[in-house]
Structure formats: structure tokens, C-alpha cells
Amino acid sequence: MVKIKEAIVVEGRYDKNTLSQIVDAPILETSGFGIFKYKEQMALLRRVAEIRGLIVFTDADGAGFVIRNHIKSAISGKYLKHAYTPDVFGKERRKKTGGKEGKLGVEGMTREVILESLRRAGATFEAEGETTNRQEITKADLMDLCLYGPGSAEKRAALIKKLGFPEKMSTNAFLQALNLLYSLDELKETLEKHNG
């Protein structure tokens, strides 16, 4: 597993699944063209980009370039890096037929191709064992803060709205977003302001 400093944005869950087996980095999804519909998703990507940097890693087909260009128009280029896959024709194993253009997407690329694409994009590869001093927020922390577990849905939904996160986030996506943007102490401070 290769550790990368920047967060990576991909089109969908199969791309995310493929990358998560190769790199240790926060991986966010656009839900394909869903990125056009949900302003909160773009706002989250913008905040993550400003804090850690963002690598845009969409498919090499027309749809991938439309999504990539939409992100480029909404987030300053100084926070973005772009990873591109080569044009490889074929179909992903899970599909019965290939895509409209007949090209493999991120999910169909080999480990070597993905790592080379990330290197060319200028990804910051971190040394093995290199750690940050930041304490990661866990589900146990969320439970202690009444943001996870029985009866927490309303409080979590209110905080999601206050933070400008996409309202339909799963708890895991919420936890990932918190860890990208806040330390545990910053989260507690935010909750105190929200509740006070």
C-alpha cells in the first residue's frame, strides 16, 4: 500500500474500490454526474483541496473529462493535480459490455498504471511509517459526542448541515470528511459553538 498526502477524487465506487487496494489516501467520489447536482459535494471537495490538495482521477472518456472540467472550473488550480489514465480499450470484468467509447476506466487499470499516473500527476508519496501528529477521529469518538449510535441521527444531520457537508452522507463518509478537515479538538470546539 502506497501512502499519498493528497486526497483523490474519482467518479464512482468501483474506481474508489480499485484505488483503495493500491493507495492509502482519502478517496472521495463524485457519484458520476451527481457532482453537478449536489453543491455541498463540490463545497466539500473545495475545502479538502484547500487543506490537503486534491488529485482529480477521472476516466479517460468524454464523461470523465466533463466531470474533470467541472471540478477545474470550481476549484482553484493551485490546489489541484490531475492524474490521467492511458487510452486502453476493453471492458471492466464486472461489466457485460464495454463503455460507450470502449475504453477502460480507472477501475480497469493495473496497479502499475495507476501508480505511474499518480506519479506523473505530482502526487506526494509519503515515506512508510511517516505519521502526522494529528489524532484521528474514530467512531468511538463520534459515539462519545452523540454523533453515532442510537438516537444520534438528528444531531449528526444538524452538524452535517452546519458544516455544509452533503446531507445524504453515510456515517463512514461523514467520519472521513471530518478527519480530512478537523482534529478531534477542533470537532469538539465546533460542537460547543454549534450547541452554545
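Residues numbered from 1 in each chain as written. Predicted model: local features only at pLDDT ≥ 70, side-chain atom pairs only at ≥ 80, totals over all residues. Heavy atoms only, no water.

Run through the overall build of the chain, naming residues and quoting values.
Across its full length, the chain holds eight helices and six strands. When the helices and strands of the chain are listed from N to C terminus, the series reads β-β-α-β-β-α-β-α-β-α-α-α-α-α. The C-alpha extent of the chain, read off along each of the three principal axes, is 55 × 35 × 30 Å. In the chain, which comprises 196 residues, the share counted as buried stands at 42%. Considering only intrachain contacts with a sequence separation of at least 6, the fraction spanning at least 24 residues in the chain is 62%. Total accessible area on the chain stands at roughly 10,900 Å², and carbon and sulfur atoms take up 50% of it. For the chain, the centre of its 32 positive side-chain charges and the centre of its 27 negative side-chain charges are spaced 4 Å apart. (Helix = DSSP H or I, 4+ residues; strand = E, 2+ residues; numbered from the N terminus. Buried < 20%, exposed > 50% of the residue type's maximum accessible area, 1.4 Å probe, protein only. Contact = heavy atoms within 4.5 Å. Areas by Shrake-Rupley, 256 points an atom, 1.4 Å probe, with all protein chains shown as cover. Lys, Arg positive; Asp, Glu negative; His and termini not counted. Charge placed at Lys NZ, Arg CZ, Asp CG, Glu CD.)

Please set out helix H4 (residues 111–121) residue by residue, giving values where relevant.
Listing the buried residues of H4 in full gives Ile114, Leu115, Ser117, Leu118 and Ala121. Here the buried residues of H4 occupy an arc of 160° about the axis, which is enough to place them on one side. Relative to its buried face, H4 has exposed residues pointing more than 90 degrees away, namely Glu112 and Arg120. Against the buried residues of H4 lie strand S1 (2–3), strand S2 (7–10), helix H1 (13–20), strand S3 (23–24), strand S5 (54–56) and strand S6 (80–82). Just beyond H4, the residue with positive phi is glycine 122, at close to 90°. (Arc of directions from axis to C-beta.)

Go over a nonpolar patch on the surface, please, and point to the residues and values.
On the surface, Phe33, Phe36 and Val66 cluster together to form a nonpolar patch covering roughly 280 Å² of accessible area. Considering the arrangement of structural elements, one finds phenylalanine 33 in the loop between strand S4 (27–29) and helix H2 (39–52). For phenylalanine 33, a relative accessible area of 47% puts it in the partly exposed group. (Patch = residues over 30% accessible without salt bridge, like charges linked within 9 Å, V, L, I, M, F, W, Y side chains within 5 Å. Salt bridge = Lys/Arg side-chain N within 4 Å of Asp/Glu carboxyl O.)

Now, about the pattern of salt bridges: what can you tell me, with residues and values included?
This structure, assessed with the given rule, holds five salt bridges. With its nearest N and O atoms 3.7 Å apart, the salt bridge here joins lysine 3 to aspartate 24. Linking lysine 3 in strand S1 with aspartate 24 in strand S3, this pair joins segments that are 21 residues apart in sequence. The exposure class of lysine 3 is partly exposed, given its relative accessible area of 31%.

Requested: an account of the environment of histidine 82, with residues and values cited.
Within the secondary structure layout, histidine 82 lies in strand S6. Remark: the alpha-carbon pair of histidine 82 and serine 117, spanning 35 residues in sequence, is separated by 8.8 Å. Ignoring anything within four residues of it in the chain, the contact list for histidine 82 reads Val56, Arg68, Lys72 and Ala121. At 3.0 Å, the side chain of histidine 82 and the side chain of arginine 68 are in polar contact. (Polar contact = N/O pair within 3.5 Å; in protein donor to acceptor, adjacent residues only side chain to side chain.)

Before we move on, can you summarise the sheet that holds S6 with the specific residues and values?
Strand order in the open sheet formed by four strands is S4-S2-S5-S6, with parallel pairing between adjacent strands. Where the open sheet ends on each side, the last strands, each with one partner, are S4 and S6. Each adjacent strand pair in this sheet contributes to an overall mean axis angle of 30°, direction not counted. In terms of strand pairing, S2 meets S4 through three bridges, oriented parallel. What sits directly across from isoleucine 8, in S4, is isoleucine 27. Across the face of the sheet, helix H3 (residues 62–74) comes into contact with S2, S5 and S6 while running at roughly 160° to S6. (Pairing = 2+ DSSP bridges. Axes fitted to C-alpha atoms, helices over the stretch in contact; angles between N-to-C directions.)

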